[in-house]
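Listed below are the residues making up each chain.
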Amino acid sequence: MLRPSCARVAGRSPMLFLLLLVAGSATSSRADVVVSSLVGGPVGGDGGTFTVTTSGTISSASDGIVATPANGITELYALGVVEAFATGFVNDAGAFTSLASVTGTISGVNTGVHNFGSIGQFSVSTGIVRGVDAPGLVNYGSIDKVEVTGSGQIKSAVVDGVRNTSSGVIGTLQNFGLLAGLSGVATSGTIGSLTNEVGGAIAGTGYGILVSGGGIAALSNAGSITGPDGLITAGTIGTMTNAATGAITGDVRGVRVETGGALSSFVNAGTISAAAGTAIQFDFGATLDGFDNTGTVTSTEGLISAANVGRILNEGLVSGTGNRGIALISGTVFSIVNAGAILSTT
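Residues numbered from 1 in each chain as written. Predicted model: local features only at pLDDT ≥ 70, side-chain atom pairs only at ≥ 80, totals over all residues. Heavy atoms only, no water.

On to the nonpolar core, then. Phe 50, Phe 122, Ile 154, Phe 266 and Ile 280 are the most contacted members of the largest nonpolar core, which totals 62 residues. With sequence-adjacent residues up to four places away left out, Phe 266 is seen in contact with Met 240, Val 255, Ile 272, Ile 280, Phe 282, Leu 288, Gly 290, Phe 291 and Asp 292. (Core = buried A, V, L, I, M, F, W, Y, C linked by side-chain atoms within 4.5 Å. Buried < 20%, exposed > 50% of the residue type's maximum accessible area, 1.4 Å probe, protein only. Contact = heavy atoms within 4.5 Å.)

Below, the structure is given as structure tokens:
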């Protein structure tokens, strides 16, 4: 059987949503929709709040919950279970949802949540947003804030946990919980600030964080970022800080700035490492204004640069356990100051 794509399923109409409500699949009161038992889907908004109670379940052969300009949802509270063959929650183009709060489960065989419109705050506290064949959360529109706290999770079985497309704008992405998938976070659009707090985990089977284009104004890590490549950017990152409690770990590379990538300020007070490879790699054609290290950078090779780098200041440890501590292959480095230790054990 062919599965529908992660885009919204064709053939829906506002009349279908209204018929579902009139038929008693859900109850409507003063433009508010409440689902408190097992119902089919898709179920649309009616201009007010939309609540799936702890006893409520939406099980749909297409999409689960749908917000459109004509059938909007001001606030979504998912305390129960939303399971869909396509997408768990679709916020359509032109729709504005001020708050989406998930303490239950929103799951799609394809996408967990698909945003084409605007969302004020998307909050996952004790809940799970899950995609199977597509991302847990994919954003084509705008989201002011994505917040994952407590035991909250946004994840995908085979694709990205959070995917921000080239047209997507996320003001703040703050994680205390788990973001996981092929990439924990993948963006080719715009993110104002991405913060992985103490206790937060961003994990990928390919990349912890992948910036394939666009940019992140400020990236801060105080938790763990892991993957075969911990963090890779071919886009632009304004400031990047790995705090004392932060760990960026890769099997092959911890941090890589690829050709065309740009990083203004890179500060490490924590640990950046790779199991067997390079802890930090700046490719030819990449640019970096400055790298300041008071933490630990360690792998087979500590730091390799073929880029144009303004400054390298080391007051911590840069160690190559099987080769070089720091290797300048090509490009330019205007200044290197070492007040710590640069080691090679070969």
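In total, this model carries two aromatic pairs according to the counting rule given. Judged by centre distance (5.5 Å) and plane angle (10 degrees), the ring pair of Phe 116 and Tyr 140 falls under stacked. Here Tyr 140 lies in the loop between β16 (137-139) and β17 (142-148) and Phe 116 lies in the loop between β13 (113-115) and β14 (118-124), a separation of 24 residues in the sequence. A centroid spacing of 4.7 Å and a plane angle of 50 degrees characterise the contact between Phe 266 and Phe 291, whose relative ring orientation is tilted. Of the two residues, Phe 266 is situated in strand β28 (residues 262-268) and Phe 291 in strand β31 (residues 287-293); the sequence distance between them amounts to 25 residues. Relative accessible area serves as the criterion here: at 0%, Phe 266 is assigned to the buried category. Overall, Phe 291 belongs to the buried group, its relative accessible area being 1%. (Phe/Tyr/Trp six-rings, centres within 6.5 Å; stacked < 30°, edge-to-face > 60°. Helix = DSSP H or I, 4+ residues; strand = E, 2+ residues; numbered from the N terminus.)

Moving on to the pattern of salt bridges. Summed over the entire model, instances satisfying the criterion amount to seven salt bridges. In this structure, Asp 160 engages Arg 163 in a salt bridge whose closest nitrogen and oxygen atoms are separated by 2.9 Å. The salt bridge involving Asp 283 is made with Arg 256; its shortest N-O contact spans 2.8 Å. Of this pair, Asp 283 sits in the loop between β30 (278-282) and β31 while Arg 256 sits in strand β27 (residues 247-257), and the two are 27 residues apart along the sequence. Across the pair, Arg 256 and Asp 283 agree in class, each one buried. Linked through salt bridges whose partners overlap, the residues forming this network are Arg 256, Glu 258 and Asp 283. (Salt bridge = Lys/Arg side-chain N within 4 Å of Asp/Glu carboxyl O.)

Right, let's talk about the pairing of strand β9 (residues 81-84) for a bit. Side chains of β9 alternate between two faces, with Val 82 and Ala 84 buried and Val 81 and Glu 83 left unburied. Bridge count for strand β6 (residues 57-60) against β9 is four bridges, and the pairing is parallel. From the neighbouring strand, Ser 59 faces β9, where its bridge partner is Glu 83. (Pairing = 2+ DSSP bridges.)

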